[in-house]
Amino acid sequence: MTAIIDIQQLYERDYLEWLEETIRLLKSRQVADIDYENLIAELEELAKNEKRRVRSLLEQIIRHLLLYQYWDLEKSRNANHWAAEIISFRNQINEDLTTNLLNHLDENLNLIYSNALDYVKTKSKLTNLPELCPYTLVQILDKNWLP
């Protein structure tokens with residue numbers, strides 16, 4: 001019990017050292033000494049952050065797709081920039097995309113689109129933007145696709 005209390009105190013005192021000690025305990029299979037409460041909390045937070053990260057990247061791609069497709073007044077000056085941004089965000093999202101994260105994006109596509117739409121409407125003042133996402137997730141993530 002002393003080891004658990006010590007490692008829990010370590011979590012409060014020095015996060016990096018707690019992390020290194022937890023890794024050492026896991027590698028040496030000393031599971032009785034692991035600080036499960038904080039480990040579970042950290043893993044849950046890690047999962048939330050990954051989901052938040054890919055949602056944010058997907059929203060950025062959608063924003064730029066909408067600007068690229070619908071903002072004709074600015075297209076001649078900004079099309080190359082928007083296309084480059086789309087490529088950059090696609091590269092980032094596709095690098096670490098797992099089946100689990102892909103399913104998460106698919107389940108949240110309508111909300112992500114709605115957030116992107118709000119941004120683009122405010123930025124561009126366009127009134128011709130579709131209220132429902134005109135793109136499939138496959139299209140959005142396809143490295144070679146543009147509307």
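Below is a short write-up of the structure. (Residues numbered from 1 in each chain as written. Predicted model: local features only at pLDDT ≥ 70, side-chain atom pairs only at ≥ 80, totals over all residues. Heavy atoms only, no water.)

1. Regarding the environment of Leu126
Tracing the chain through its elements places Leu126 in the loop between α6 (109-124) and α7 (137-141). For the pair Leu126 and Leu58, spaced 68 residues apart in sequence, the C-alpha separation works out to 21 Å. Every residue in contact with Leu126, bar those within four places of it in the chain, is listed here: Tyr70, Trp71 and Lys121. (Helix = DSSP H or I, 4+ residues; strand = E, 2+ residues; numbered from the N terminus. Contact = heavy atoms within 4.5 Å.)

2. Some details on the pattern of salt bridges
Should their charged atoms come close, side chains of opposite charge can pair. Under the definition given, this model contains seven salt bridges. A salt bridge links Arg24 to Glu21; the nearest nitrogen and oxygen atoms lie 2.6 Å apart. Here Arg24 pairs with Glu21, and both are found in helix α2 (residues 15-27), just three residues apart, close to one helical turn. Residue class for Arg24 comes out partly exposed when judged on its relative accessible area of 41%. Since its relative accessible area comes to 24%, Glu21 is described here as partly exposed. Residues Arg77 and Glu74 are paired through a salt bridge, measuring 2.7 Å at the closest nitrogen-oxygen approach. Here Glu74 and Arg77 lie together in helix α4 (residues 72-96), a separation of three residues that amounts to about one turn. Taking the relative accessible area as the measure of exposure, Glu74 reaches 15% and is therefore buried. (Salt bridge = Lys/Arg side-chain N within 4 Å of Asp/Glu carboxyl O. Buried < 20%, exposed > 50% of the residue type's maximum accessible area, 1.4 Å probe, protein only.)

3. Here we look at unusual backbone geometry
For Arg29, which is not glycine, the phi torsion reads 60 degrees and is therefore positive. In this structure, Arg29 sits in the loop between α2 and α3 (36-70). Since its relative accessible area comes to 66%, Arg29 is described here as exposed. One non-glycine residue, Lys125, lies in positive phi territory at about 65 degrees. Along the polypeptide, Lys125 turns up in the loop between α6 and α7.

4. Details of the nonpolar core
Membership of the largest hydrophobic core comes to 32 residues, with the highest contact counts inside it found for Leu58, Ile62, Leu66, Ile93 and Ile140. Secondary structure elements with two or more residues in this core: α3, α4, α5 (99-107), α6 and α7. Setting aside residues up to four positions removed in sequence, Ile93 forms contacts with Val54, Leu57, Leu58, Ile61, Leu105 and Leu141. (Core = buried A, V, L, I, M, F, W, Y, C linked by side-chain atoms within 4.5 Å.)

5. Considerations on α5
Inspection of α5 places Leu101, His104 and Leu105 among the buried residues, and these make up the whole buried set. Considered in projection along α5, the buried side chains sweep an arc of 95 degrees and stay on one side of the axis. α5 presents Thr99, Asn100 and Glu107 as exposed residues on the side facing more than 90 degrees away from its buried surface. Residues of α5 that are buried make contact with α3, α4, α6 and α7. (Arc of directions from axis to C-beta.)

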